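Residue-level listing of the chains:
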Amino acid sequence: MPVQTERSLQVQPQEMSTAQVLATMRNVHEKIKEGLPAWDQLIASQGAERFLAAAFALPMESLSLQENLLFLIFLIHVYQSLEMPLIRAHALKLVHLALWVNLSPRRLQLELRSNAEVAATFQKLRKALEKKGEEYMLLPRTFIPRLLRTFMGILNSVHPGSADPVAITYCERFVEFLNDLLSQLPTRRFFRAYLEDCHTYVECLLSQLYRMPEEGRMFRDLLGITRFYLGFEIDDFSGEALDNNQIKQIHTRKLIVFQRVCWKFFRDALRDLAMCNLGLLEVRKALRPYLERQPPALLRELCGRLALLGPAPHQSATKSEEQRLDFLLEVLLLHHEKRVSQLDAINALPLYPNESILWDFNMVPETHVGVDSPLALPKLNLQFLTFHDYLLRNFNLFRLESTYEIREDIEEAIIRLEPRTNLEGKLYFKGMWKSRMAVPIEEFIIKYVGPADIGQIKPHDVRAQITVDLSETKDVPRQEWNEIRQHDVLFLVTVEGPQDTLSSLGGHTGVWRYDRKKPFLEQYRVTHVRGCEVIDVRDEKDNVFTGLGDSGVRLVGTKRFIRVHLDTAQYHHDVLNHSECYQQFKVLIRRKPKENNFKAVLESIRDLMNTQCVVPEWLHDVFLGYGDPDSAYYKNMPDQLTTVNFVDSLVDLDHVRSSFEHEYHITEVDTPQKPPFLVTFPPSKGETDQPESRLPPIKVRSYLPPNEGPYPHDQPRMNTVRFTPVQVEALKASSNPGLTMVVGPPGTGKTDVAVQIISNIYHNFPNSRTLVVTHSNNALNDIFEKITLKDVDERHLLRLGAGHKDLRAEMASHKDFSKHGRVEFMLERRLIQLKEVRKIADALGIGDSLGDVDYTCETSAHFYRHEILARWEKFLQRKGSVPESELDNNMLKDHFPFHAVFADVLQLFNWAEPFAHNWYIAEGCWRHIQKIFEELEDCRAFELFKTSYDRGNYLLCRQAKIIAMTCTFAALKRHDMVRLKFEYDTIVMEEAAQILEIETFIPMLLQNPTPEGGCRLKRVVLIGDHNQLPPVVKNMAFQKYSHMDQSLFTRLVRLGVPTIQLNAQGRMRPSLGDLYRWKYDGLGDLSHVDTDPTFKIANCGFSYEYQCIDVPYYNGQGETEPQPHFFQNLGEAEYIVSTYMYMRLLGYPAEKITILTTYNGQKFLLRDVLSHRCGPDTVFGMPAHVTTVDKFQGRQNDYILLSLVRTNNVGHIRDRRRMVVAMSRARLGLYVFCKVSHFKDVWELKPFFDILLRNRPTVLSLNLDELKFPTQRPVTEVGEAFLVEQGVTQLGQMVDEMVHARVALESEKYTAQCQAWETFVTNEQKRQEEEARRQQELERQRHIAQRTKELKRRRTGQPTAQDQARHADAHKDSVGDEEEEETEDGEATGKGVPSAPESAGGIGAVEEAEEDPAEASAVKKAKTDR
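Sequence order sets the numbering: in each chain, residues are counted from 1 along the sequence as written. Side-chain atom pairs in this predicted model are given and counted only at pLDDT of 80 or more, local residue features only at pLDDT of at least 70, and totals for whole chains, interfaces and linings cover all residues. Only hydrogens and water are set aside; all other atoms, that is, all heavy atoms of the structure, feed into the side-chain values.

## Side note on the overall build of the protein chain
Move 1: Strands here mean DSSP runs of E at least two residues long; helices mean DSSP runs of H or I at least four residues long; both are numbered from the N terminus. Of regular secondary structure, the protein chain possesses 54 helices and 33 strands.
Move 2: Considered along the principal axes of its C-alpha atoms, the protein chain spans approximately 165 × 110 × 75 Å.
Move 3: The burial tally for the protein chain puts 50% of its 1426 residues in the buried class.
Move 4: Note on contacts: a residue pair is in contact if any heavy atoms of the two residues lie within 4.5 Å. Long-range pairs, those at least 24 residues apart, make up 77% of the contacts in the protein chain with a sequence separation of at least 6.
Move 5: With an accessible surface of roughly 67500 Å², the protein chain has 51% of that area assigned to carbon and sulfur atoms.
Move 6: For the protein chain, the distance from the average position of its 175 positive side-chain charges to the average position of its 196 negative side-chain charges is 6 Å. The buried label applies to any residue whose accessible area, calculated with a 1.4 Å probe on protein chains only, is under 20% of its type's maximum; exposed applies above 50%, and partly exposed to all values in between. In short, Shrake-Rupley with a 1.4 Å probe defines the accessible areas, and a residue's cover is counted only from the protein chains shown. In this tally, Asp and Glu contribute negative charge and Lys and Arg positive charge; neither His nor the terminal groups of the chain are included. Where a charge lies is defined by one atom per residue type, namely NZ (Lys), CZ (Arg), CG (Asp) and CD (Glu).

## Section: the pattern of salt bridges
Move 1: In what follows, salt bridge is the name for a side-chain nitrogen of Lys or Arg lying within 4 Å of a carboxyl oxygen of Asp or Glu. Scanning all chains against the criterion turns up 79 salt bridges.
Move 2: Its salt-bridge partner being Glu603, residue Lys599 comes within 2.7 Å of it at the nearest N-O pair. Here the residue Lys599 and the residue Glu603 both occupy positions in helix H25 (residues 598–610), the gap between them amounting to four residues, near one helical turn.
Move 3: The exposure class assigned to Lys599 is buried, which follows from its relative accessible area of 12%.
Move 4: One salt bridge connects Arg838 with Asp854, and the closest N-O pair in it is separated by 3.3 Å. You can see Arg838 sitting in helix H32 (residues 819–844) and its partner Asp854 sitting in the loop between helix H33 (847–850) and helix H34 (857–881), a full 16 residues away along the chain.

## Remarks on helix H42 (residues 1070–1077)
In an α-helix, one full turn covers 3.6 residues, which means residues spaced three or four apart are oriented alike.
Move 1: Among the eight residues that make up H42, six are buried, leaving the element largely enclosed by the rest of the structure.
Move 2: Buried within H42 we find Ser1071, Leu1072, Gly1073, Leu1075, Tyr1076 and Arg1077.

## Quick word on the sheet that holds strand S19 (residues 962–966)
Move 1: Ordered in space as S18-S19-S17-S20-S21-S16-S22, the seven strands form an open sheet in which the pairing is parallel. The outermost strands of the open sheet, each flanked by one partner alone, are strand S18 (797–799) and strand S22 (1060–1061).
Move 2: In the packing of helix H30 (residues 777–788) onto the sheet, the strands contacted are strand S17 (770–774), S18 and S19, and the crossing angle to S18 comes to about 165°.
Move 3: Lines are fitted to the C-alpha atoms to define the axes, a helix being fitted only along its stretch in contact, and any angle between axes, read from their N-to-C directions, falls within 0 to 180 degrees. Where helix H38 (residues 967–979) meets the sheet, it contacts S17 and S19, and its direction lies at approximately 115° from that of S19. Whether two strands pair depends on DSSP finding at least two bridges between them.

## Observations regarding helix H10 (residues 185–198)
Move 1: Multiply 1.5 Å by the residue count of a helix minus one, and that product is the helix's expected span. Here H10 is 14 residues long and its end C-alpha atoms lie 20 Å apart, about the 20 Å a rise of 1.5 Å per residue gives.
Move 2: Counting buried residues along H10, eleven of its 14 residues qualify, which places the element largely inside the surrounding structure.
Move 3: Within H10, the full set of buried residues consists of Leu185, Thr187, Arg188, Phe190, Phe191, Arg192, Ala193, Tyr194, Leu195, Asp197 and Cys198.
Move 4: Positive backbone phi, approximately 55°, marks His199, located one or two places after H10.

## Let's talk about the sheet that holds strand S14 (residues 677–680)
Move 1: The strand order S12-S14-S15-S13 describes an open sheet built from four strands, whose pairing is mixed. Edge positions in the open sheet fall to strand S12 (643–645) and strand S13 (665–669), since each of these has one partner strand only. Looking at each pair of strands side by side, their axes are set apart by 25° on average, direction ignored.
Move 2: Across four bridges, the pairing between S14 and strand S15 (residues 697–702) is antiparallel. Across the sheet, residue Val679 finds its bridge partner in S15, namely Val700.

## A few points about the packing of helix H18 (residues 296–305) against helix H19 (residues 321–336)
The description of two helices packed together rests on the angle between their axes and the distance between the axes.
Move 1: With their axes 10 Å apart at the nearest point, H18 and H19 run at an angle of 35° to one another. The crossing of H18 and H19 is left-handed. For the pair H18 and H19, contact is made by Pro296, Leu299, Arg300, Leu302 and Cys303 and by Glu321, Leu325, Leu328, Leu329, Val331 and Leu332, respectively. When the near helix sits turned anticlockwise from the far one by under a right angle, the crossing is termed left-handed; a clockwise turn instead gives a right-handed crossing.

## Digging into the pairing of S19
Move 1: With five of five residues buried, S19 is to be regarded as a mostly interior element.
Move 2: The alternating pattern of S19 places Ile962, Ala964 and Thr966 on one face and Ile963 and Met965 on the opposite face, and all of these are buried.
Move 3: Across three bridges, S18 lies against S19 in parallel orientation. Bridge pairing in S19 links Leu798 to Ile963.

## Brief notes about the confidence of the model for the protein chain
Move 1: As a per-residue measure, pLDDT reflects the predictor's confidence and takes values from 0 up to 100. Per-residue pLDDT for the protein chain has a mean of 86; in total, 90% of the residues score no lower than 70.
Move 2: Every residue in residues 1–14 is under pLDDT 50, and counting partners more than four places away or in other chains gives 46 contacts.
Move 3: Counted against residues more than four places away or in other chains, residues 1374–1426, with its pLDDT under 50, gives 31 contacts.

What follows is the structure, encoded as structure tokens:
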């Protein structure tokens, strides 16, 4: 599509010509084709009223076929946009009650007889028409008949062999238009009767186009939807769904009327029909032979008597007698035959897709975007007829979307497996070495076929065994195959590979390659696909692995025997059709676990269709899209709270005043002025006598919360966040019953608000249970982690689903909040609290007399009732017997029964304080004891239940008060939760705008109806942002044609349901917030944004904190598309990587930088360039994230580098929601790289680019004076700007120079460090040598001094230390000759004395060291004497 400029949808002020009207219609269609808001610019031009009037007055008869098709497509868009008041006002006029002026008299009489109110209105209309003439309400009376005549003329012009494709498309589009009118109650109410009276559906059935095998296939499928909605089970005027009994009564009444007419007016000709059983009349095959024998005149009169013949202004007068007979027969048969139940068809439908639907491109399109030609698909628009209609549309769309994803996975697995047929006709697999999701099947055996249940024709169960060999797979795929778990879904495929061919040398060659541009089935013939569900996996040694729990089983070998359940409905169908597919399966294919839960979701939807869907009465009409959209808002609820306890949401009285002073007048404030605060609000509007000119009054009071105990861990954790007034309003609304919708722009604290909502409900309604649901595990863990920091008892928290492992890793405490972890926690708490019971018993001195009071929870309960509670009650009686004026601290000193229990608390009571203060402490002590026994009472069930399964279910259904799960987990486990009688009162759903409609609805129905038939659900809180990206739908047809990507949150916003929009962001700089602030009314900044120094400092090395950098063609090339929809832009990739390298060279942390793009192709290109330039062997490293904008929603980083990629077309960034996400991910710096001229004038993107380009150059502006991160320059100062005029080439050169300079600097540093090290080593060696010489000298001096001292002692005859040691040795050893003693004595003498260095000392020293022989002989003689 060419780029739309600002003047694209402008309507000129003068009267519009037909050409101008058609041109505007074409522009509207192009906008909607791109998924853009089509009416905003048209309405803003102030010419929408004139354009719509001119459009509906177009002369359809004089338009060409192509123009009529454009007009019809425009009408389809109009009736899908009824939320726009201007569109709705014009569109509903065309299906007004005035249309009934064209009904046949008998049909009109029949319709008016059934509704007196409508009859009275119609009589007024007829009188006004007679009084004002034919011009009165001319358009409502004639528009639909003219349109039908145009359609019938084009339909009758279509003949086999000469069919105009445009005419066929027009006929298909017209049936789509009929379906849109019939599937919405406001347009269906009067239109259905007229359509039936004209018998347009019968005319279509008898047309040539319907009978054409190929060209008429889509036409037939669309007519099937028309037939369904013509007979839909609903009262068109009241909107109430009809149950089976009412439907049977209506159908039976038709048959009785038919028999009465036959008996009264055609007794002779139709006596048999008048007297037959009613069951005969409702069977087409049985009734047709009776009617075929009658003349056309009789059938025409019969139709007239039954009020079945209408005006038929479009019927051709040239029809043959045979055609007229067929027409009359079809009218009668269609009116009286029994309608096939859609629910029965759904129940008999296989949930696994087979080959017929997988490659049916009419049902599951491949590349079709859903606006150029119709599809036989349901649409999710604003309104639904009933909950059955809602579930049916979602079931069909979810099934087809899953089929599309499965087809993509099967095709990819087969392509990688590369099946081939050798010259002998045998199948082999060339790509086993690279196959990951597929393995060949060695053997498939049906093991068991169970008998059918009562009332069923299909088997109860079908089991089979699949044998595969994993020996040829690589280690990683083999490990993944070994981890297949129970309930995983696998696919059995029969495929034929291309034939090997002989080369000229006589050998076979494998030169054939798969071509992705050609259809898959033309290259690989897939004949059968069947789904199955895993029971268990066995190896050759019969080890059984199910993956449930931690069994510790590890499979050995490579042979695997997989037992599976087959789809019983599909098996029954195959047997009836004598299919041989179960003997021909060749390949087993698995899918990623996170993408393979479609079967459980479909089963949940089908279960809901077979049960009574009970939603709260106050939500029923709003959910279906009817009635007053404000009716479910808390201010309009009958049980609205007049006094709201904000617990710790309001931190002080100033916070209270700032939160309410703009809407209320605070008339009374009680002391103390500390939280928690109770606020009493005035009655709803209309119930107060307060003048409108004055603010309504509110009363604020605080109360002293109960003392939780004397120990520090007993004290509650208080909130410290000062919520804004709008956030406080959201907290107030969510505490009340009803529907609360909170719109959270980026950075406005949606998660903090959600956590405080949950905390407030937990404290205000202690007996209620809250269900917390999000789309992703990351968001759920973020909420749950913050909940654990609130004043919420841990035993009331439960986190379901596999994401609890990530939560445990993220939390510093590493606590396990899964069912298993909470069971272990409760068992551990049981032991801890039983020890506390023993402590209490010992402190009271009654432990030994009562036995094992801490043996079980039951014995502790007896101890509590008979000992603890009795003491406290006796104490209260004594207190009550004393007049309140005489109460003093002496009573507590003398009679408080638990002084000994709290003896470990230093100064428990302060007797200097008054009695009230100490009584508050005494109540806290009692509350502490109470909590011990209350927790033991909760633990009592864990003693009674012996298995972890029962304990976990008890925890889920009875004990936990806050239960968290993802929407996918809710859909997977709904059946189990309903069976366990799971209950909850409040549902809080975060990321509500990112969740599919049906995945939002299922969590609301995880419980059974109440005994009275109602719903226990009291509060529904949806938190999200419809201005950001919607749910992910991979198939573009389902996304754009069926609106499957519309979330419930977005639909309710479109319907006008009141929302609370948070109005202050605290994530990013104010200037970055301005980039998307215009999209949200009144969005400001939190106070810390203006005071935090982080937001005041500029980005080092950059002139601006955000900038849009123009990237011209790189080497003469812009965007490329190596594969379909795989867009890349090398110039932007190189520019972004160079910028990243520049930032890293300045010192920016890599974990603070994220690179985003709008296409997967560019993501892979960026990663490839980064791996070459910034790999692990470089100084740069990889950034924190390199991903797409869609994947990064909900996260942020300090610095974002964004690539918009496209240069030939705008692409999906034209969607403002995607651009809002892209602009709001950065906290401190955002740098957008794109072809500026290509985007800046696009109407949808102009507000973004006007701000991006305001007073900023389109070339990268750097500040080269700053070479070290961070800088001290204020963000308001640009500094000396250096413009990178030559773009990526110049920046690359600069980065290279910086790298070289960095290398040179690092080299100099390295050289200096080496020299310093060498100097240090040399000096150290010298120092060590000097130290060694000094030590040697000291040792020599010490040795000389010691020897001198020894010699002096010997000369004086005093025994030396050595003599004393030898004397002790002589006493220990009595054996030994004298020479040995002398030898030992000699060794002992020199023992431990180091020898003097040879180079030390001089001659004198040696002489002093030598011993006199005479002296030595004397010493020896003395020793001998001793």
